[in-house]
Amino acid sequence: MNTQLILLGAPGSGKGTQAARIVSEFGYTHISTGDLLRSEIAKESELGLRVKAIMAAGDLVSDDVVLELLKANCDIAKNLYLFDGYPRNIDQVEALHKNILSGFKSKALYFDIDLDILEKRVINRRVAPKSGEIYNLISRPSKVEGICDISGEELVHRKDDNVETVRNRLNIFKAEIEPILSYYESKGNLERIDALLAPDEIFENISKIIK
Ligand code: AP5
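Just so it is clear, the structure is predicted and the values come from calculations on it, not from any experiment.

Draft legend 1. Expanded view of the site of the ligand. Neighbouring the ligand are 33 residues, the closest being Thr17, Asp59, Arg88, Arg125 and Arg169. Arg125 has a polar side-chain atom sitting 2.6 Å from an oxygen atom of the ligand. Considering the ligand on its own, with 1100 Å² of exposed area, one finds that the protein chains cover 95% of that surface. Residue composition of the shell around the ligand, by class: 13 nonpolar, eleven polar and nine charged.

As structure tokens, then:
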């Protein structure tokens, strides 16, 4: 198990949900560009203030900004990473393999799912920022409404999880994903995961690939 993993998939396809399981079972270090950007916004850093409106609209933050953030938070020689939310376009693919993954083995897992069902999933998502738990009002409600089962903290409805923004995020995904898949397919480094299955079954399939 010496392969860096890259999770590819549309908003709401289940990358974050599976990332938590992969980390706890296999000891990968989770690196989510969405989480890194949200943490900059929460800190009200200069970068956070610059990207706040872009993320609220569901647009992509510039490639340079995201790459710098990733490099600053990544020590590839010391850790086995699970990249989540990066790369998101073909330029980011090239930047990732040139600047970070050069000389390291990697594999991309694509969360394959009919995009039409994702709007509903994302709008019903609620998250616990401290524990990282991800809930869903329909498919995975918390025991007490609005409260995390693990940490007791209040659940948050992400600002970008509204209908208009989700549609924009899905449209951007549709426009960018094909060249990314072709890249990994051409290298023989792509595994497609049926992301419509239940979370336990998806995890079982991912576990087989990792082992
Ligand atoms: P980011 O935070 O990366 O969001 P995303 O890619 O849109 O992905 P999501 O977090 O929405 O979905 P997920 O696949 O993790 O789904 P989850 O497991 O939570 O990015 C946010 C923003 O940051 C971007 O729009 C952009 O502005 C910026 N950004 C980030 N990275 C960038 C980059 N590289 N370049 C430029 N800008 C960048 O599941 C969703 C819901 O479904 C949950 O409620 C969950 O409980 C439920 N669920 C999960 N699995 C299942 C299942 N199998 N069956 C039923 N329900 C399920």
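Once the structure has been displayed, the description carries forward.
Draft legend 2. Representation of the packing of helix α2 (residues 33-43) against helix α3 (residues 46-57). Two elements in contact, α2 and α3, have axes whose closest approach is 8 Å; the angle formed by their N-to-C orientations is 120°. Like other packed secondary-structure pairs, α2 and α3 cross with a definite hand, here left-handed. Contacts from Gly34, Leu37, Arg38, Glu40 and Ile41 of α2 reach α3 at Leu47, Gly48, Val51, Lys52 and Met55. When the residues that make up the contact of α2 with α3 are grouped by side-chain class, the tally is five nonpolar, two polar and three charged.

Draft legend 3. Region of the structure containing the sheet that holds strand β7 (residues 190-194). Read from one edge to the other, the open sheet built from five strands follows the order β2-β3-β1-β4-β7, with strand pairing classed as parallel. Unpaired on one side and paired on the other, β2 (29-32) and β7 mark the two borders of the sheet. On average, adjacent strands in this sheet sit at an angle of 25° to one another, irrespective of strand direction. Sheet analysis places strand β1 (residues 4-9) next to strand β4 (residues 106-112), joined by six bridges and oriented parallel. Residue Gln4 lies in a different strand from β4, and its bridge partner there is Ser106. Relative to β2, α2 is tilted by about 65°, and along the sheet it contacts β2 and β3 (81-84).

Draft legend 4. Quick peek at helix α5 (residues 90-99). Residues of α5 that are buried include every one of Gln92, Val93, Ala95, Leu96 and His97, and no others. Here the buried face of α5 lies against β1, α4 (63-72), β3, β4 and α7 (163-186).

Draft legend 5. Main features of the packing of aromatic side chains. Taken as a whole, this structure holds three aromatic pairs when the rule is applied. Ring centres 5.8 Å apart and planes at 45° place the aromatic pair Tyr81 and Phe83 in the tilted group. Since its relative accessible area comes to 3%, Tyr81 is described here as buried. Aromatic pair Tyr183 and Tyr184: ring centres 5.0 Å apart, planes at 80°, arrangement edge-to-face.

Draft legend 6. Spotlight on the nonpolar core. Counting residues in each nonpolar core, the largest one holds 56 residues, and the members touching the most others are Leu8, Phe83, Leu96, Ile100 and Tyr184. With eight residues, the single largest contributor to this core is α7. If sequence neighbours within four positions are ignored, Leu96 has contacts with Ile6, Leu70, Phe83, Tyr86, Pro87, Leu101 and Tyr184.

Draft legend 7. Looking closely at the pairing of β4. Judged by how many residues are buried, β4 sits mostly within the fold: five of seven residues are covered. As paired elements, β4 and β7 share five bridges and run parallel to each other. What sits directly across from Ala108, in β7, is Leu190.

Draft legend 8. Fine view of the side chain of Thr165. Mapped onto the elements, Thr165 comes out in helix α7. When sequence neighbours within four positions are dropped, the list of residues in contact with Thr165 reads Met55, Ala56, Ala57, Gly58 and Asp160.

Draft legend 9. Looking closely at the pattern of salt bridges. Applying the stated criterion across every chain, the model contains 15 salt bridges. Residues Lys78 and Asp75 are paired through a salt bridge, measuring 3.6 Å at the closest nitrogen-oxygen approach. Overall, Asp75 belongs to the partly exposed group, its relative accessible area being 32%. Put simply, Asp161 and Arg125 hold a salt bridge, and the shortest N to O gap is 2.9 Å.

Draft legend 10. Structural view of α7. For α7, with 24 residues, the first-to-last C-alpha span of 35 Å sits near the 34 Å given by 1.5 Å per residue. Where α7 bends most, the angle comes to about 40°, and this point is Ile177, followed within four residues by the proline Pro179. Within the sequence span of α7, burial applies to Thr165, Val166, Arg169, Leu170, Ile172, Phe173, Ile177, Ile180, Leu181, Tyr183 and Tyr184.

Criteria and cut-off values
Residues numbered from 1 in each chain as written. Predicted model: local features only at pLDDT ≥ 70, side-chain atom pairs only at ≥ 80, totals over all residues. Heavy atoms only, no water. Near = heavy atom within 4 Å. Polar contact = N/O pair within 3.5 Å; in protein donor to acceptor, adjacent residues only side chain to side chain. Areas by Shrake-Rupley, 256 points an atom, 1.4 Å probe, with all protein chains shown as cover. Nonpolar A, V, L, I, M, F, W, Y, C, P; charged D, E, K, R; others polar. Axes fitted to C-alpha atoms, helices over the stretch in contact; angles between N-to-C directions. Helix = DSSP H or I, 4+ residues; strand = E, 2+ residues; numbered from the N terminus. Left-handed = near helix turned anticlockwise from the far one by under 90°. Contact = heavy atoms within 4.5 Å. Pairing = 2+ DSSP bridges. Buried < 20%, exposed > 50% of the residue type's maximum accessible area, 1.4 Å probe, protein only. Phe/Tyr/Trp six-rings, centres within 6.5 Å; stacked < 30°, edge-to-face > 60°. Core = buried A, V, L, I, M, F, W, Y, C linked by side-chain atoms within 4.5 Å. Salt bridge = Lys/Arg side-chain N within 4 Å of Asp/Glu carboxyl O. Expected span 1.5 Å × (residues − 1). Bend = angle between axes of the 7 residues up to and from the residue.

The values are spatial; any link to function lies outside them.
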